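Structural description and commentary
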Amino acid sequence: MDITSLRVGSGLDIHKLSSDPERRFIVGGVEIQPSNGPIGHSDGDPLCHAIADCLLGASGLGDIGDHFGDTDPQWKNVDSMDLLRRVVDMVRGLGYQILNIDSTIVLQHPKVKRFRPMMQERLTQVVGAPVSVKAKSPEEVGSLGQSEGVVAFATALCLSPNSSNI
Ligand SMILES: [Zn+2]
(Lines give C-alpha, C1' and ligand atoms only; values in the text may rest on other atoms or scores of the structure.)
Protein backbone atom coordinates (compact mmCIF):
# COMPACT_ATOMS: atom_id res chain seq x y z
CA MET A 1 0.00 0.00 0.00
CA ASP A 2 1.22 3.48 -0.92
CA ILE A 3 0.69 5.63 2.19
CA THR A 4 0.60 8.79 0.11
CA SER A 5 -2.75 7.49 -1.16
CA LEU A 6 -4.34 7.58 2.30
CA ARG A 7 -7.14 10.12 2.72
CA VAL A 8 -8.86 11.10 5.95
CA GLY A 9 -12.32 12.67 6.14
CA SER A 10 -14.28 14.15 9.02
CA GLY A 11 -18.01 14.50 9.50
CA LEU A 12 -20.24 16.27 12.02
CA ASP A 13 -24.01 16.32 12.22
CA ILE A 14 -26.44 17.91 14.63
CA HIS A 15 -30.20 17.70 14.96
CA LYS A 16 -32.68 19.36 17.24
CA LEU A 17 -34.81 16.81 19.07
CA SER A 18 -38.57 16.92 18.71
CA SER A 19 -41.01 17.15 21.62
CA ASP A 20 -43.22 14.70 19.72
CA PRO A 21 -43.05 11.25 21.37
CA GLU A 22 -44.34 9.78 18.10
CA ARG A 23 -41.31 11.02 16.14
CA ARG A 24 -39.14 7.94 15.56
CA PHE A 25 -35.54 8.14 16.69
CA ILE A 26 -33.17 6.36 14.30
CA VAL A 27 -29.43 6.34 15.02
CA GLY A 28 -27.04 4.38 12.82
CA GLY A 29 -29.99 2.65 11.19
CA VAL A 30 -31.33 1.41 14.54
CA GLU A 31 -34.54 2.66 16.15
CA ILE A 32 -33.84 3.63 19.73
CA GLN A 33 -36.40 3.97 22.50
CA PRO A 34 -37.86 6.01 24.10
CA SER A 35 -38.57 8.23 21.17
CA ASN A 36 -38.85 12.07 20.73
CA GLY A 37 -36.68 11.72 17.63
CA PRO A 38 -34.80 14.39 15.68
CA ILE A 39 -36.41 17.10 13.59
CA GLY A 40 -35.09 16.79 10.05
CA HIS A 41 -35.97 16.70 6.38
CA SER A 42 -34.95 13.05 6.16
CA ASP A 43 -35.36 10.66 9.08
CA GLY A 44 -32.70 12.79 10.83
CA ASP A 45 -30.28 9.96 11.57
CA PRO A 46 -27.26 11.97 12.81
CA LEU A 47 -24.81 9.07 12.72
CA CYS A 48 -25.58 8.18 9.10
CA HIS A 49 -25.26 11.84 8.11
CA ALA A 50 -21.90 12.28 9.89
CA ILE A 51 -20.55 9.08 8.32
CA ALA A 52 -21.78 10.14 4.86
CA ASP A 53 -20.04 13.50 5.31
CA CYS A 54 -16.71 12.01 6.38
CA LEU A 55 -16.73 9.70 3.34
CA LEU A 56 -17.58 12.58 1.01
CA GLY A 57 -14.82 14.64 2.62
CA ALA A 58 -12.20 11.90 2.24
CA SER A 59 -12.99 11.54 -1.45
CA GLY A 60 -13.30 15.26 -2.26
CA LEU A 61 -17.01 15.08 -3.07
CA GLY A 62 -18.18 18.00 -0.95
CA ASP A 63 -20.82 17.42 1.70
CA ILE A 64 -24.17 15.76 2.12
CA GLY A 65 -26.09 18.99 1.37
CA ASP A 66 -24.47 19.13 -2.09
CA HIS A 67 -26.00 15.76 -2.99
CA PHE A 68 -29.21 15.50 -0.96
CA GLY A 69 -30.73 18.98 -0.58
CA ASP A 70 -32.88 19.52 2.51
CA THR A 71 -35.61 21.20 0.46
CA ASP A 72 -35.76 18.48 -2.19
CA PRO A 73 -39.05 16.54 -1.80
CA GLN A 74 -37.23 13.45 -3.09
CA TRP A 75 -35.43 13.17 0.26
CA LYS A 76 -38.38 13.96 2.55
CA ASN A 77 -38.46 11.42 5.42
CA VAL A 78 -35.99 9.24 3.48
CA ASP A 79 -34.21 6.37 5.22
CA SER A 80 -30.71 7.76 5.85
CA MET A 81 -29.20 4.28 5.45
CA ASP A 82 -30.28 4.62 1.80
CA LEU A 83 -28.49 7.98 1.58
CA LEU A 84 -25.38 6.40 3.11
CA ARG A 85 -25.57 3.51 0.64
CA ARG A 86 -25.66 6.02 -2.23
CA VAL A 87 -22.64 7.87 -0.81
CA VAL A 88 -20.68 4.61 -0.47
CA ASP A 89 -21.48 3.84 -4.12
CA MET A 90 -20.30 7.33 -5.20
CA VAL A 91 -17.04 7.05 -3.26
CA ARG A 92 -16.33 3.54 -4.55
CA GLY A 93 -17.33 4.65 -8.04
CA LEU A 94 -14.37 7.05 -7.99
CA GLY A 95 -12.07 4.16 -7.12
CA TYR A 96 -11.69 4.87 -3.41
CA GLN A 97 -11.36 2.01 -0.96
CA ILE A 98 -12.92 2.62 2.46
CA LEU A 99 -10.56 1.27 5.15
CA ASN A 100 -12.43 2.07 8.38
CA ILE A 101 -14.70 4.57 10.12
CA ASP A 102 -14.76 5.64 13.74
CA SER A 103 -17.69 7.61 15.14
CA THR A 104 -19.13 9.10 18.31
CA ILE A 105 -22.70 9.92 19.22
CA VAL A 106 -23.37 12.52 21.93
CA LEU A 107 -26.79 12.18 23.51
CA GLN A 108 -28.13 12.66 27.01
CA HIS A 109 -31.15 10.42 26.79
CA PRO A 110 -31.78 7.62 26.04
CA LYS A 111 -28.48 5.87 26.63
CA VAL A 112 -27.38 4.41 23.31
CA LYS A 113 -24.78 1.97 24.63
CA ARG A 114 -27.02 -1.08 24.40
CA PHE A 115 -27.83 -0.28 20.75
CA ARG A 116 -24.17 0.03 19.75
CA PRO A 117 -23.51 -3.56 18.60
CA MET A 118 -26.50 -3.45 16.26
CA MET A 119 -25.51 0.00 14.91
CA GLN A 120 -21.96 -1.20 14.26
CA GLU A 121 -23.21 -4.32 12.52
CA ARG A 122 -25.63 -2.45 10.24
CA LEU A 123 -23.23 0.36 9.42
CA THR A 124 -20.36 -2.04 8.74
CA GLN A 125 -22.62 -3.93 6.35
CA VAL A 126 -23.59 -0.79 4.40
CA VAL A 127 -20.12 0.75 4.36
CA GLY A 128 -18.30 -2.53 3.59
CA ALA A 129 -15.53 -1.72 6.08
CA PRO A 130 -15.30 -1.76 9.88
CA VAL A 131 -17.38 0.98 11.57
CA SER A 132 -16.96 1.60 15.29
CA VAL A 133 -19.51 3.58 17.27
CA LYS A 134 -18.76 5.26 20.57
CA ALA A 135 -21.33 6.87 22.86
CA LYS A 136 -20.77 9.93 25.04
CA SER A 137 -23.02 11.62 27.55
CA PRO A 138 -23.00 15.44 27.53
CA GLU A 139 -23.12 15.14 31.35
CA GLU A 140 -26.21 17.38 31.58
CA VAL A 141 -24.19 20.35 30.31
CA GLY A 142 -25.92 22.97 28.14
CA SER A 143 -28.65 22.36 25.59
CA LEU A 144 -27.35 18.88 24.66
CA GLY A 145 -27.52 17.98 28.33
CA GLN A 146 -31.13 19.16 28.43
CA SER A 147 -31.92 16.72 25.58
CA GLU A 148 -32.59 19.54 23.11
CA GLY A 149 -30.36 17.98 20.49
CA VAL A 150 -28.12 15.16 19.35
CA VAL A 151 -24.65 15.37 17.78
CA ALA A 152 -22.58 12.82 15.90
CA PHE A 153 -18.95 12.90 14.78
CA ALA A 154 -17.26 10.51 12.36
CA THR A 155 -13.85 10.03 10.80
CA ALA A 156 -13.11 7.92 7.75
CA LEU A 157 -9.84 6.57 6.42
CA CYS A 158 -9.84 5.80 2.72
CA LEU A 159 -7.37 4.77 0.07
CA SER A 160 -7.40 7.01 -2.96
CA PRO A 161 -6.82 5.65 -6.46
CA ASN A 162 -4.30 8.50 -6.87
CA SER A 163 -1.15 8.99 -4.84
CA SER A 164 0.14 12.45 -3.97
CA ASN A 165 3.88 12.75 -3.57
CA ILE A 166 4.29 16.05 -1.80
ZN1 LIG B 1 -28.48 15.27 9.68
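In short, a report on the structure. (Residues numbered from 1 in each chain as written. Predicted model: local features only at pLDDT ≥ 70, side-chain atom pairs only at ≥ 80, totals over all residues.)

1. Some details on the sheet that holds strand β5 (residues 131-136)
Spatial ordering of the open sheet is given by β1-β6-β4-β5, a layout of 4 strands whose pairing is mixed. Edge positions in the open sheet fall to β1 (6-16) and β5, since each of these has one partner strand only. This sheet shows a mean twist of 15° between the axes of neighbouring strands, independent of strand direction. With 9 bridges connecting them, strand β4 (residues 97-106) and strand β6 (residues 149-159) associate as antiparallel partners. In the sheet register, Q97 faces β6, and the bridge partner there is L159. Contacts from helix α4 (residues 116-127) reach β4 and β5, with the element oriented near 145° to β5. (Pairing = 2+ DSSP bridges. Helix = DSSP H or I, 4+ residues; strand = E, 2+ residues; numbered from the N terminus. Axes fitted to C-alpha atoms, helices over the stretch in contact; angles between N-to-C directions. Contact = placed C-beta atoms within 7 Å.)

2. Description of helix α1 (residues 46-58)
Given a rise of 1.5 Å per residue, 13 residues ought to cover 18 Å, and the 18 Å separating the end C-alpha atoms of α1 matches this to within 8%. Most of α1 sits out of view: 13 of its 13 residues are buried. Once α1 ends, the next one or two residues include G60, with phi positive near 70°. (Expected span 1.5 Å × (residues − 1). Buried ≥ 20, exposed ≤ 12 C-beta atoms within 10 Å, placed from the backbone.)

3. Thoughts on the nonpolar core
Residues V27, L47, I51, A52 and L55 are the most contacted members of the largest nonpolar core, which totals 41 residues. Listing elements by their share of this core, those giving two or more residues are β2 (26-27), α1, α3 (80-93), β4, α4, β5 and β6. It is α1 that provides the largest number of residues to this core, a total of 9 residues. Discounting residues that sit within four places of it in the chain, A52 has contacts with G11, I64, L83, L84 and V87. (Core = buried A, V, L, I, M, F, W, Y, C linked by C-beta atoms within 7 Å.)

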